Each structure stands twice: as structure tokens, then as C-alpha cells.
Amino acid sequence: EPEVTQTPSHQVTQMGQEVILRCVPISNHLYFYWYRQILGQKVEFLVSFYNNEISEKSEIFDDQFSVERPDGSNFTLKIRSTKLEDSAMYFCASTPGTGPQPQHFGDGTRLSIL
Amino acid sequence: AQKVTQAQTEISVVEKEDVTLDCVYETRDTTYYLFWYKQPPSGELVFLIRRNSFDEQNEISGRYSWNFQKSTSSFNFTITASQVVDSAVYFCALILGRGRIQGAQKLVFGQGTRLTINP
């Protein structure tokens, strides 16, 4: 069964550095998402992306964050000037089309800011 | 605004017991969809079920069953004859039926219930 893949599985970065989290959505999917889960807390929506532009973003997704689909397969989340509170698990998800379809999640990238 | 509440933070039962995980949601929309996801200790999010607001029929899948009641805005999840492998964090989540922006189908998650099944 096709799946969403995320790399790396664990990223350790010094505070203030930039980090790029990578995702390869399922190949025929059109809608892409990033979510964040701080340790022990709930999963929070960050941003949705369709047709090469952001569809919706949450209050968390400020100017520190950006997303990009640099080619036909990758979907990236860039975090600039990382802060300690950016430490979390970041999940990528995708759906084949609009509508309330189950979002297929990747295994996540655990980001640790030192 | 939409909101999902899972009041049970942690539940611990002995193997083979039945256990019910509660989920209460809030939305003003008449069209919406409810989901349950499982997050095992390995950390990934596994889709379990989707239910739309027009279908209140309960669903059973093996040892899993779901009870959707619009009158109480609840979508509870029951595991029958629990097993150690059921130990995980379970999240209830909500999507509105019509995204206000095309493609904006964000999931709103509850806080999750950590379920521990003891042998």
C-alpha cells in the first residue's frame, strides 16, 4: 500500500539554525498537510497546501515557517531560526482530493532543538 | 469554532477487559466528519475509522466498535476483549464538511487518551 514517507526520522539542531523537514506524499495525492505534536500533547494543524500554494494555515504557522513543493514528489517544511519550543514531532499528510477523506500520515520527524 | 474533547487522559485496564474511549465534539456546521486515529508507541498515526454527520449507524470492525450519537455530540470508541497490542494513544478528530478554502480540510484533534492494556 502506498505510504507517505518522511525524512529524517530524527533531526537534532542547534537553536537559531534553519531546518528543513522532507516529505514524499503518496504519488497521486493532490493535497498536502503539516501537523505538529509537542511531546505528550495533541496533534495540531500547521498548514495545508494545494496547487502550489497554501490553502490554509494556523496561528502557529508564522513567518518562521514556510512550505514548498520543489519538484513533483517532495513537500518540505522549513523552519528558520529555530527555537527550543519548536521541538516536537512533525507529521506530513496527504489526501487524493478535497473532501473529508482520511489523511494518510507519514511516520513523522522528531525535531529536537538544543 | 470546532473543538474535540477527550476527557479521559489515561485509561489502564487488564487484558481481555472491554474499554470505551469517549469523544465529544463541538461544531456549528451540519455537515462534518469524525475520525479516530491510533498512535502506538512507535509514534505513527494510524487511521481507524471515518463517520459522517448524516450516518448515525454504529459500526463494528472485529473487536472495535463505534457509537455515534448526534444528540449528545459524541463519537465513542469501544474495544472489546482488549489486548496488549491495543496499548496506544487514541485520538478523536473532526473535519468540517465544506472547506472554506478549497483544500482546507484540516483535522482538529482531541487531546488523546493514553490506553494501557496490562497482561
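No experiment lies behind these values; they were computed from the predicted model shown.

Caption draft 1: Spatial organisation of the overall build of chain B. When its secondary structure is counted, chain B shows zero helices and twelve strands. Listed by position from the N terminus, the elements making up chain B come as β-β-β-β-β-β-β-β-β-β-β-β. Computed over the C-alpha atoms, the radius of gyration of chain B is 14 Å, within 12% of the 14 Å expected from 2.2 N^0.38 for a compact globule of 119 residues. Each principal axis of the C-alpha atoms in chain B carries an extent, and together these give about 45 × 30 × 25 Å. With 119 residues in all, chain B has 48% of them scored as buried. Counting contacts in chain B only where the partners sit at least 6 residues apart, residues at least 24 apart contribute 57% of the total. Each charge class in chain B can be summarised by its mean position, and for the 12 positive and 12 negative side chains these summaries are 9 Å apart.

Caption draft 2: Summary view of the interface of chain A and chain B. Between chain A and chain B, the contact holds 21 residues from the first and 21 residues from the second. Applying the counting rule to chain A against chain B returns one salt bridge. Taking the shortest distance from any N to any O, the salt bridge between K106(B) and E56(A) comes out at 3.4 Å. Inspection of the region where chain A meets chain B yields four residue pairs in polar contact (both at pLDDT 80 or more).

Caption draft 3: Up close: unusual backbone geometry. Residue and element names in this part refer to chain A. In this chain, T7 is followed by P8 through a cis amide linkage whose omega measures -10°. With respect to the secondary-structure elements, P8 resides in the loop between β1 (5–7) and β2 (10–13). Despite not being glycine, S81 has its phi angle at roughly 45°, a positive value.

Caption draft 4: Local environment of the side chain of Q103(A). Within the secondary structure, Q103(A) is located in the loop between β9 (88–95) and β10 (104–105). Here the side chain of Q103(A) touches Y35(A) through a polar contact of 2.8 Å, side chain to side chain. The residues touching Q103(A), leaving out its near neighbours within four places in the chain, are Y33(A), Y35(A), A93(A), S94(A), T95(A), Y37(B), I95(B), Q105(B), K106(B) and L107(B).

Caption draft 5: Region of interest: the state of the cysteines. Residues and elements named next belong to chain A. In total, this model carries two disulfides over all chains according to the counting rule given. Here C23 connects covalently by a disulfide to C92, the sulfurs 2.0 Å from one another. Linking C23 and C92, the disulfide has an S-S dihedral of approximately -65° and is accordingly described as left-handed. Linking C23 in strand β3 (residues 19–24) with C92 in strand β9, this pair joins segments that are 69 residues apart in sequence. With relative accessibility at 1%, the residue C23 sits in the buried group. Its relative accessible area of 0% is what places C92 among the buried residues.

Reading the values: the criteria
- Residues numbered from 1 in each chain as written.
- Chains lettered and ligands numbered in written order.
- Predicted model: local features only at pLDDT ≥ 70, side-chain atom pairs only at ≥ 80, totals over all residues.
- Heavy atoms only, no water.
- Helix = DSSP H or I, 4+ residues; strand = E, 2+ residues; numbered from the N terminus.
- Rg over C-alpha atoms; globule rule 2.2 N^0.38 Å.
- Buried < 20%, exposed > 50% of the residue type's maximum accessible area, 1.4 Å probe, protein only.
- Contact = heavy atoms within 4.5 Å.
- Lys, Arg positive; Asp, Glu negative; His and termini not counted.
- Charge placed at Lys NZ, Arg CZ, Asp CG, Glu CD.
- Salt bridge = Lys/Arg side-chain N within 4 Å of Asp/Glu carboxyl O.
- Polar contact = N/O pair within 3.5 Å; in protein donor to acceptor, adjacent residues only side chain to side chain.
- Disulfide = S-S within 2.5 Å.

By themselves, these are just geometric observations and shouldn't be taken as functional.
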